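For reference, the chains in residue letters:
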Amino acid sequence: MSGFSTGNGAASLWAHLNRKDATGRTNPNASTASDLLPPTGPQDRTATTMRVLLHDTQMNFEKFSGQVERLVKDVQKAEQGLHSTNALFEKEHDKLMGDIIDLGLLLYQQISFKLSF
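Because the structure is a prediction, the values reported are computed rather than measured. In every chain, residue numbers begin from 1 and rise along the written sequence. Selection of residues for local features in this predicted model requires a pLDDT of at least 70, selection of side-chain atom pairs for listing and counting requires 80 or more, and totals for whole chains, interfaces and linings are taken over all residues. Side-chain descriptors were evaluated using all non-hydrogen atoms of the structure, hydrogens and water having been removed beforehand.

### Quick look at the overall build of the chain
Right, on to step 1. Numbering of helices and strands starts at the N terminus; helices are DSSP runs of H or I of at least 4 residues and strands are runs of E of at least 2. Within the chain, the secondary structure is distributed over 3 helices and 0 strands.
Right, on to step 2. Shown N-terminal to C-terminal, the secondary structure of the chain runs as helices and strands in the order α-α-α.
Right, on to step 3. Looking at the chain as shown, the accessible area adds up to about 11000 Å², and 63% of this sits on carbon and sulfur atoms. Here the Shrake-Rupley method, with its probe set to 1.4 Å, supplies the accessible areas, and only the displayed protein chains count as covering residues.

Here it is as structure tokens:
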């Protein structure tokens, strides 16, 4: 094992050196302009594509998370509205039952008063 790093930079360097060695063996006097110029695009297109895809995925996930948070808040508001509507309904129901009971007692008293004479 050598002390060199096996990262992308080292791999690119070794690939470049191996390519130069291969062309140097076949024709040692021939050197082309493409061998002397640095590459115009990224060497590792797969990694670049993955970074772009990860960035897009992160953006979509953040957008989705914002929509989920809004949905949860709306559901909580709806739940609070249901609780308050239920409380108002129970209050009105109790009031109506009390009025019916009072009316029944009043009718009972009037009928018993009329029958007692």
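### Details of the confidence of the model for the chain
Right, on to step 1. Across the chain, the average pLDDT comes to 81, with 69% of residues at or above 70.
Right, on to step 2. pLDDT runs from 0 to 100 and stands for how confident the predictor is about each residue. Across the chain, the secondary-structure element scoring lowest on mean pLDDT is helix α2 (residues 33-36), at 61, and the one scoring highest is helix α3 (residues 45-116), at 94.
Right, on to step 3. Should any heavy atoms of two residues lie within 4.5 Å, those residues are considered in contact. Long-range and interchain partners of residues 1-5, a stretch whose pLDDT sits below 50, account for 2 contacts in this model, where long-range means more than four residues apart.

### Section: a nonpolar patch on the surface
Right, on to step 1. Patch definition: residues above 30% relative accessible area lacking any salt bridge, with like charges linked at up to 9 Å and the nonpolar side chains Val, Leu, Ile, Met, Phe, Trp and Tyr linked at up to 5 Å. Think of a salt bridge as a Lys or Arg side-chain nitrogen and an Asp or Glu carboxyl oxygen that are within 4 Å of each other. On the surface, Leu103, Leu106, Leu107, Ile111 and Leu115 cluster together into a nonpolar patch covering about 520 Å² of accessible area.
Right, on to step 2. Positionally, Leu115 belongs in helix α3.
Right, on to step 3. The exposure class of Leu115 is exposed, given its relative accessible area of 69%. Each residue is assigned to one of three classes by its accessible area relative to the maximum for its type, calculated with a 1.4 Å probe on protein chains only: buried under 20%, partly exposed between the two thresholds, exposed over 50%.

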